[in-house]
Amino acid sequence: THKNKKFAAIDRVMSEDSFRITVLLRLSPLLPLSLANYLYGLTSVRMGPYVLGSMVGLLPGMFGIVSAGAMGGKAVSGAGGDIVWWKIVLSVSMILFVVSYIGSLAKKTLDAMDKESENSPNLEPF
């Protein structure tokens, strides 16, 4: 068993829902890729869902970087037009969704682990 309650919750979520968590963490700009990779190495994430989730989760970020570069190039050359507001709104909405979803998953797992540890005398206390 894990002695750290929060890490145990993260490890459980990563092992049970590797693909979805990997996609959501890859979509989140708040967690640097190197830190996320370190987290994956510490947890029980499964390899197949990790690879597929990384590919799916990194595509929107690459699209955003390429789009920003294209808009920046047009702005510098004077060929720029109006700002595409729907892309900005979509990006901010996705960030908010990912952050709140991951938070709710972690809270739900922590609550479940609390109930489990209260009901099972064989589990070591955290």
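Details of the structure are given in the entry above.
It should be emphasised that the depicted structure is a prediction, and the values quoted were computed from it without experimental measurement.

Novice: Go over the overall build of the protein chain, please, and point to the residues and values.
Specialist: Looking only at helices and strands, the protein chain has 5 helices and 0 strands in total. Its helices and strands taken in sequence order, the protein chain reads α-α-α-α-α from the N to the C terminus. Carbon together with sulfur atoms contributes 68% to the accessible area of the protein chain, which is approximately 8,600 Å² in total.

Novice: Could you give an account of the packing of helix α2 (residues 18-27) against helix α3 (residues 33-42), naming the residues involved and the relevant values?
Specialist: The contact between α2 and α3 brings their axes to 10 Å, and the two run at 160 degrees. When the interaxial angle is binned, α2 and α3 end up roughly antiparallel. As for how α2 packs across α3, the hand of that crossing is right-handed. Seen from α2, the contacting residues are T22, L25 and R26; seen from α3, they are L33, A36, N37, L39 and Y40.

Novice: Pulling in residues and values, what's your account of the packing of aromatic side chains?
Specialist: As enumerated under the stated definition, the model contains 1 aromatic pair in all. Ring plane angle 65 degrees and centroid distance 5.1 Å describe the contact between Y40 and Y50, whose orientation is recorded as edge-to-face. One end of the pair, Y40, is in helix α3; the other, Y50, is in helix α4 (residues 47-77), and 10 residues separate them in sequence. Overall, Y40 belongs to the buried group, its relative accessible area being 5%. The exposure class assigned to Y50 is partly exposed, which follows from its relative accessible area of 21%.

Calculation rules
Residues numbered from 1 in each chain as written. Predicted model: local features only at pLDDT ≥ 70, side-chain atom pairs only at ≥ 80, totals over all residues. Heavy atoms only, no water. Helix = DSSP H or I, 4+ residues; strand = E, 2+ residues; numbered from the N terminus. Areas by Shrake-Rupley, 256 points an atom, 1.4 Å probe, with all protein chains shown as cover. Axes fitted to C-alpha atoms, helices over the stretch in contact; angles between N-to-C directions. Parallel < 35°, antiparallel > 145°, perpendicular 65-115°, else oblique. Left-handed = near helix turned anticlockwise from the far one by under 90°. Contact = heavy atoms within 4.5 Å. Phe/Tyr/Trp six-rings, centres within 6.5 Å; stacked < 30°, edge-to-face > 60°. Buried < 20%, exposed > 50% of the residue type's maximum accessible area, 1.4 Å probe, protein only.

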